[in-house]
Amino acid sequence: DAGVTQSPTHLIKTRGQQVTLRCSPKSGHDTVSWYQQALGQGPQFIFQYYEEEERQRGNFPDRFSGHQFPNYSSELNVNALLLGDSALYLCASSLQGGYEKLFFGSGTQLSVL
Amino acid sequence: AQRVTQPEKLLSVFKGAPVELKCNYSYSGSPELFWYVQYSRQRLQLLLRHISRESIKGFTADLNKGETSFHLKKPFAQEEDSAMYYCALKGAQKLVFGQGTRLTINP
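Just so it is clear, the model here is predicted, and its values are computed rather than measured.

**Considering the state of the cysteines**
Residues and elements named next belong to chain B.
Piece 1. This model, assessed by the stated rule, comprises two disulfides over all chains.
Piece 2. The disulfide that involves C23 links it to C87, with 2.0 Å between the sulfurs. Judged by the torsion about the S-S bond (-65°), the C23/C87 disulfide is left-handed. On the criterion of sequence distance, the pair formed by C23 in the loop between β3 (19-21) and β4 (24-26) and C87 in strand β9 (residues 83-91) is long-range, its members being 64 residues apart.
Piece 3. Residue C23 is classed as buried on the basis of its relative accessible area of 0%.

See the structure below:
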């Protein structure tokens, strides 16, 4: 069992660019949640995808969007990147839209210059 | 609104001493509380949740609705407990994390 996998591990972009981050959930899981973790902070909830739909959303602007595919993998897209978007982006998988036990990936470290 | 507060960013105790990591929450509904842990060079992982009422690696946590707290406790700290600990609250269909406490166990 490979667990939750995220790609890429590191990414450097410039302001105004767009970025796509990818996540494959743990085998058997059908729900993906995305979190942003700034340096020295706890993970902040961006949104959750279940049954290929965005189910819940945190306090993030529309520049942050996502998608879930039929195989349950997910993408996080961020448009018009700002310096403040620099952070570790974590993906977590679970079952049936729940949060009872999240399995986290290692994250994608995004740097915006 | 949901909010989780972990008042201590850093906590250092000696091996064998008791440990208490504080967590306070704000939520008007019926909360579900969790503790997540991240050991060095490892992924964030679930340590325990209040509905299970279990002890994991010697840690326990009791939900106190009157004080809106969910403190994590261990009677005798071990060096392998050194890690980053996050308290999390599930309410309104999303999971909110606190800022975390870095626990260091000194030999």
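**Considerations on the layout of surface pockets**
Piece 1. Considering only enclosed or pocket space, the largest pocket measures out at about 500 Å³ in volume.
Piece 2. As for the largest pocket, its lining consists of 26 residues, and the residues nearest its centre are A:Q37, B:Q38, B:M84, B:Y86 and B:R102.
Piece 3. Sorting the residues of the lining of the largest pocket by element identifies β9 (87-94) of chain A together with β9 of chain B as the ones contributing at least two each.
Piece 4. For the lining of the largest pocket, the residue count by class is ten nonpolar, twelve polar and four charged.
Piece 5. Within this model, the second largest pocket holds a volume of roughly 420 Å³.
Piece 6. Lining the second largest pocket are 18 residues, with A:P43, A:Q44, B:Q2, B:V96 and B:F97 sitting closest to its centre.
Piece 7. Of all the secondary structure elements, the ones that give two or more residues to the lining of the second largest pocket are β5 (44-50) of chain A together with β1 (3-5) and β10 (94-97) of chain B.
Piece 8. It is β10(B) that provides the largest number of residues to the lining of the second largest pocket, a total of four residues.

Calculation criteria
- Residues numbered from 1 in each chain as written.
- Chains lettered and ligands numbered in written order.
- Predicted model: local features only at pLDDT ≥ 70, side-chain atom pairs only at ≥ 80, totals over all residues.
- Heavy atoms only, no water.
- Disulfide = S-S within 2.5 Å.
- Helix = DSSP H or I, 4+ residues; strand = E, 2+ residues; numbered from the N terminus.
- Buried < 20%, exposed > 50% of the residue type's maximum accessible area, 1.4 Å probe, protein only.
- 1 Å grid on protein atoms, 1.4 Å probe; cavity = no way out; pocket = protein on both sides within 12 Å on 5 of 7 lines; lining within 4 Å.
- Points joined across faces, edges and corners; volume = space filled by probe spheres on them.
- Nonpolar A, V, L, I, M, F, W, Y, C, P; charged D, E, K, R; others polar.

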